[in-house]
Amino acid sequence: MTRSSTAYLGRTRPLLYGTSDFLWKSTPPQRFYWDLSRWLVVLPTARGGRRLRTLLSDRANDAQHKFVAPTIITTGELPQRLIGPCSNIAIEIEQTLAWAQALLNTPDNALAALLSRLPSRDSLAPWLDLAATILRLYQDLAAGDLDFGDVQREVSGEGEQRRWQLLSQLHADYLKRLDAAGRVDPFMARKRAIDEHRCGCDQSILLVGTTDLSRSLSRLLQGASENQKAAGVTALVAADEDDRDHFDSFGSIIASRWIQRELSLRDDHLIAAEDVADQAAIAARCVANWRTKFPAAKITIGVTQETLVGPIEFELRSRGIKTYRELGWTIAQTPIGRLLELLAAHLSMSSWRSLAALVRHADMDDFIEHQLAGDLLHRVDGNGKWLQALDNLIGNHFPTRCDDDLPAGVRREDRVAEVVRDRIQQTLHDLRGPARTLSDWAGRLTAWLHVIYPDPTIDESHSQSRGRSAVDATFLFLTAVQELEQSLDVKLSSSAAIEMLMSSLVSLRVFEPAGEDESIISGWLDLALDDAAAMVVTSLNHPYVPEAVTADPFLPGSLRTRLQLNDNERRLARDIQALDVILSTRREVKLVVGTRGLDGSPTPPSRLLAAATPHDAARRLFQMLEPPRRPASDPLASNTNDSVWRFRGTQTRSKLPIPILPQRDPVAVMSVTAFKEYLTCPYRFYLRYVLRIRPLDDAAGELQANQFGDLIHNTLELFGNSDFKDAESPQVIEDALGDMLDTYAGKFFGRSPNAAVRLQIEQARRRLSWLATVQAERRRGGWMIDRVEEPFGGDDDAHIVVDGKPMAIRGRIDRIDRHESKGWAIIDYKSHGHAPRRKHLQVRDGERTWLDLQLPLYQLLIPFVIGKEVRSSDVALSYFNVGSNFNETKINDADFDREEFASALTKIEDCVRGIRGGHFAPSSDVQFDDYSMILQTGAVANLLDQLNHDDDQSPLLAVAEDD
């Protein structure tokens, strides 16, 4: 005899209100005391449980009754309540380890029925991944009250029969291993409770909106309802009595009935949208409109894909609307989760780049600043710029492994990076070494985390509840892993152990307490029980809702249907019922249907739109697939571009203001290269040469154009100061340049720079071999290297006079040659093949425009560099092009005529006047922009590229022209 009942509370009010009424009537207050302690209330989600508790408490307070709350749990917690206390249930990581041992205990020839290519037995990590896959398969079947033998009886074909028979054998081995370890598989614990007729609990069970119970859980409830010693089971359903045939005795849907249901969906419920940003903007405008009628707590934003939460939060906060993320955050989305990912990467690679990523984590930065500051500060002359030193080291010297010695050419102030490395490596000492057991690594990891988070519950730096909750949850989990039973424990490397621990941690979620006046952002499964008066649901699209059961290598869709597992049709039925409740129980509903996903791929409308008459379904589908056209009467049709950001490619500049330049002393000294910067953009010139703001790319995996140029320039400087400079043999010169290249590269990049830099060094070697031929020919022609890297602007007082006032000029000339009869030549090395005219002058609309003033400035400075006795007209101005092919490698003389030199002088004077006059307006046409983040150039387009082309990679070793 069963002791269960079902109450149909109708569809006109939210189910949680009906639940409050039911409990008030079934267990009325006695003497101003409302005691609901006899009830065990079960809801599908934690959000529904928290909201029900609030409604019950408010009702008691309004009636001025003392209140004793019922026990409120989720369906996921119910099995443990029904089977009674069981302290030895295996946690998921123990189950994974038991499956892995069962797999490793099986010969390869037997496992061939499972996989055609097996992982190497020398590495445990892939076997753990395979074990996790089989565990998920087993859990899926067990939730449907099935086992591997049931599937074997359903499949045909010799290969499939062998596969499922093998899985049955592995399952038996898995259970034996758990039993030997004193652990019990959770599904086997349920099965035993059913077989032994001991399902149930002392409290009366109240099922609220449990429309999608698994068969396994339904069997437990059936056992509880038949147990005369246990209290009964009551299901509350958000439906009318007329729909009794749509539900089973525990309020769970009958799929075959619901997939035939026509929803009360109206056209005005639907809003067509474009991409993710458009959907977020529409949701924000809906909330903004509704806040004139409803309080924030009565407005819910539903998301069917979690990636929309961030854009929606941004849109709402830009309008001053607070939000509460009901879905919470996974551990991986919290600081400690990210820290563990970075830690695992560094332990695996032990590279300078992985170290740089690790120390950039905010909590590691705090640790370094607070724990190491005393030692670090004095090593950088009190500036404390340890991160800048680390970036300089990586960006200029490209070291690879942290264990290698640094190159000799590293500047003293950048060697503070060594201190950071050594101290971090010291803290990681116990996380390195040979393979250890997982429980051992968990203990060592806990100890290391306590160094970074010395007192996570008190330390003010971790006062945010989300971060604190994540730290506490992580420590609690690691404590459980340290207690792994010895027979289940396995030996792993530290990085593999942390990755395995992270795979288990990633499913845990943490939450922040809800604040005042916040609109709720909830997931799809929370919406049917939500009691908000107004709701907007985003991405009513396939495959988000119904969530598609994707192709499974073990359980394809047709087999799932034959086994009556949770297939696509059942999920469709579940979501039709949920949308039916949403549409029936609130005053305002908007359903947003997008056309493109986050990656730009098309997203078809949800199958839920087909739950209508064929005519309505076809008409709505056509409307949703058309470009969005909102009628003027639609309140959402106005102000369609009032979002701060639009991601449709129509806005290429942000609305953020460009910073105002601070006042500095007038510029008294200029470098030769600064003139080109001023011609390109006065604002950027000020950033670079006055404020000394220089770009530094520590993420580059190869030499930048200027660094590749420095590699060649510095090698040629060594050559110009050597005894080989007068050599006339191409082979002698080539051999000498090769040795000098190795000397310079070894000094500044060490013995083992990364592979890209090594290849670029070989590129430079090839170019220098071509240069050797040209240099030998020039020497045989009578030209001699007189000086290299000749500085000016120091004691020689090099300057130009503009409007009667001198402007000091400083710089360094790459090379000065001398010929007995031809005189002098000023040579500038260039790692490209372009002649001076092309790099200095550009003809626009018939007029010549100076792009660079380097060689004309050298001509003005000849008296200071070579001597006043030398006439400028007797000095050749040349490029020594070290090009990317032999034909480009040559000496190119400047062919500017007298009129062009005169116009260059005018341009030089104009630059000086502009700088003295404080004219630093930004230019819009900049080809290579090092300051795009400051001037906001291309910010929106760059964000689009990141969203849509994350997988694009720039070509390796793309060496740009170096000026």
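Scroll up a little and you will see the structure.
Below is a summary of the structure that appears in this document. (Residues numbered from 1 in each chain as written. Predicted model: local features only at pLDDT ≥ 70, side-chain atom pairs only at ≥ 80, totals over all residues. Heavy atoms only, no water.)

1. Some remarks on empty space enclosed by the protein
Over the atoms a probe the size of a water molecule is rolled, and this reveals where empty space is left.
So, point 1. The final tally for this structure, using the stated rule, is 1 cavity of 30 Å³ or more.
So, point 2. Within this model, the largest cavity holds a volume of roughly 30 Å³.
So, point 3. Along the walls of the largest cavity sit Glu734, Leu737, Gly738, Leu741, Arg765, Leu768 and Ser769, which together make up its complete lining.
So, point 4. Of all the secondary structure elements, the ones that give two or more residues to the lining of the largest cavity are helix H29 (730–749) and helix H30 (755–780).
So, point 5. When the residues that make up the lining of the largest cavity are grouped by side-chain class, the tally is 3 nonpolar, 2 polar and 2 charged. (1 Å grid on protein atoms, 1.4 Å probe; cavity = no way out; pocket = protein on both sides within 12 Å on 5 of 7 lines; lining within 4 Å. Points joined across faces, edges and corners; volume = space filled by probe spheres on them. Helix = DSSP H or I, 4+ residues; strand = E, 2+ residues; numbered from the N terminus. Nonpolar A, V, L, I, M, F, W, Y, C, P; charged D, E, K, R; others polar.)

2. Section: the pattern of salt bridges
So, point 1. Under the definition given, this model contains 70 salt bridges.
So, point 2. One salt bridge connects arginine 401 with aspartate 403, and the closest N-O pair in it is separated by 3.5 Å.
So, point 3. For arginine 401, a relative accessible area of 38% corresponds to the partly exposed category.
So, point 4. The exposed category is assigned to aspartate 403, whose relative accessible area is 53%.
So, point 5. It is possible to trace a salt-bridge network through shared partners that takes in Arg11, Asp240, Asp243, Arg261 and Asp580. (Salt bridge = Lys/Arg side-chain N within 4 Å of Asp/Glu carboxyl O. Buried < 20%, exposed > 50% of the residue type's maximum accessible area, 1.4 Å probe, protein only.)

3. Details of the packing of helix H28 (residues 705–720) against H29
So, point 1. Two elements in contact, H28 and H29, have axes separated by 9 Å at closest approach and are oriented at 120°. By the criterion of interaxial angle, the relationship of H28 to H29 is oblique. Between H28 and H29 the crossing geometry is right-handed. Facing H28, whose interface residues are Asp710, Leu711, Asn714, Thr715, Leu716, Leu718 and Phe719, H29 presents Ile733, Leu737, Met740, Leu741, Tyr744 and Phe749.
So, point 2. Split into classes, the residues belonging to the contact of H28 with H29 amount to 10 nonpolar, 2 polar and 1 charged. (Axes fitted to C-alpha atoms, helices over the stretch in contact; angles between N-to-C directions. Parallel < 35°, antiparallel > 145°, perpendicular 65-115°, else oblique. Left-handed = near helix turned anticlockwise from the far one by under 90°. Contact = heavy atoms within 4.5 Å.)

4. Examining the sheet that holds strand S10 (residues 322–325)
So, point 1. The strand order across the open sheet built from 6 strands is S8-S17-S16-S9-S15-S10, with neighbouring strands paired in parallel fashion. In the strand order of this sheet, the two ends are held by strand S8 (270–272) and S10, each with one partner. The average angle at which neighbouring strand axes cross in this sheet is 25°, direction not considered.
So, point 2. Pairing geometry for strand S9 (residues 299–303) and strand S15 (residues 518–523), over 4 bridges, is parallel. Opposite isoleucine 301, over in S15, you have isoleucine 521 as the bridge partner. (Pairing = 2+ DSSP bridges.)

5. As for the packing of helix H19 (residues 438–452) against helix H20 (residues 465–482)
So, point 1. At their nearest, the axes of H19 and H20 sit 8 Å apart, and the two run at 150° to each other. It follows from the interaxial angle that H19 and H20 lie roughly antiparallel. Between H19 and H20 lies a crossing whose hand is left-handed. Contact residues: Leu438, Ser439, Ala442, Gly443, Leu445, Thr446, Leu449 and His450 in H19; Thr474, Phe475, Leu478, Val481 and Gln482 in H20.
So, point 2. Its residues placed into classes, the contact of H19 with H20 shows 7 nonpolar, 6 polar and no charged.

6. Some words on helix H12 (residues 276–290)
So, point 1. Helix length check: H12 (15 residues) gives 21 Å between terminal C-alpha atoms against 21 Å at 1.5 Å per residue, within 8%.
So, point 2. The buried fraction of H12 amounts to 13 of the 15 residues, a majority that puts the element mostly inside the structure. (Expected span 1.5 Å × (residues − 1).)

7. Section: the nonpolar core
So, point 1. Leu141, Trp164, Ile424, Leu438, Leu445, Trp448 and Leu449 are the most contacted members of the largest nonpolar core, which totals 96 residues.
So, point 2. Per-element tally for this core: the top contributor is helix H6 (residues 125–143), with 10 residues.
So, point 3. Leu16, Trp34, Val237 and Ala255 belong to the second-largest nonpolar core, a separate cluster that totals 52 residues. (Core = buried A, V, L, I, M, F, W, Y, C linked by side-chain atoms within 4.5 Å.)

8. Observations regarding the packing of aromatic side chains
So, point 1. Counted under the stated rule, the structure contains 25 aromatic pairs.
So, point 2. Centre to centre, the rings of tryptophan 99 and tyrosine 174 are 4.5 Å apart; their planes meet at 15°, and the pair counts as stacked. Of this pair, tryptophan 99 sits in helix H4 (residues 92–104) while tyrosine 174 is found in helix H8 (residues 158–180), placing the two residues 75 residues apart along the sequence. The pair tryptophan 99 / tyrosine 174 is uniform in exposure class, with both members buried. (Phe/Tyr/Trp six-rings, centres within 6.5 Å; stacked < 30°, edge-to-face > 60°.)

9. Observations concerning the environment of glycine 746
So, point 1. Residue placement: glycine 746 occurs in helix H29.
So, point 2. Owing to a relative accessible area of 33%, glycine 746 belongs among the partly exposed residues under this scheme.
So, point 3. Measuring from C-alpha to C-alpha, the distance between glycine 746 and proline 407 comes to 6.9 Å, with 339 residues separating the pair along the chain.

10. Regarding unusual backbone geometry
So, point 1. Each neighbour pair has its own omega, and for histidine 542 with proline 543 the value is 10°, a cis peptide bond.
So, point 2. Mapped onto the elements, proline 543 comes out in the loop between strand S16 (534–538) and helix H23 (557–563).
So, point 3. Each neighbour pair has its own omega, and for valine 545 with proline 546 the value is -5°, a cis peptide bond.
So, point 4. Position of proline 546 relative to the elements: it lies in the loop between S16 and H23.
So, point 5. We note that glutamate 789 has phi near 50°; this positive angle belongs to a residue other than glycine.
So, point 6. Residue classification places glutamate 789 among the buried positions, given a relative accessible area of 14%.
So, point 7. Unusually for a residue other than glycine, aspartate 803 sits at a positive phi of about 55°.
So, point 8. Assignment of secondary structure puts aspartate 803 in the loop between strand S20 (799–802) and strand S21 (805–819).
So, point 9. Residue class for aspartate 803 comes out exposed when judged on its relative accessible area of 52%.

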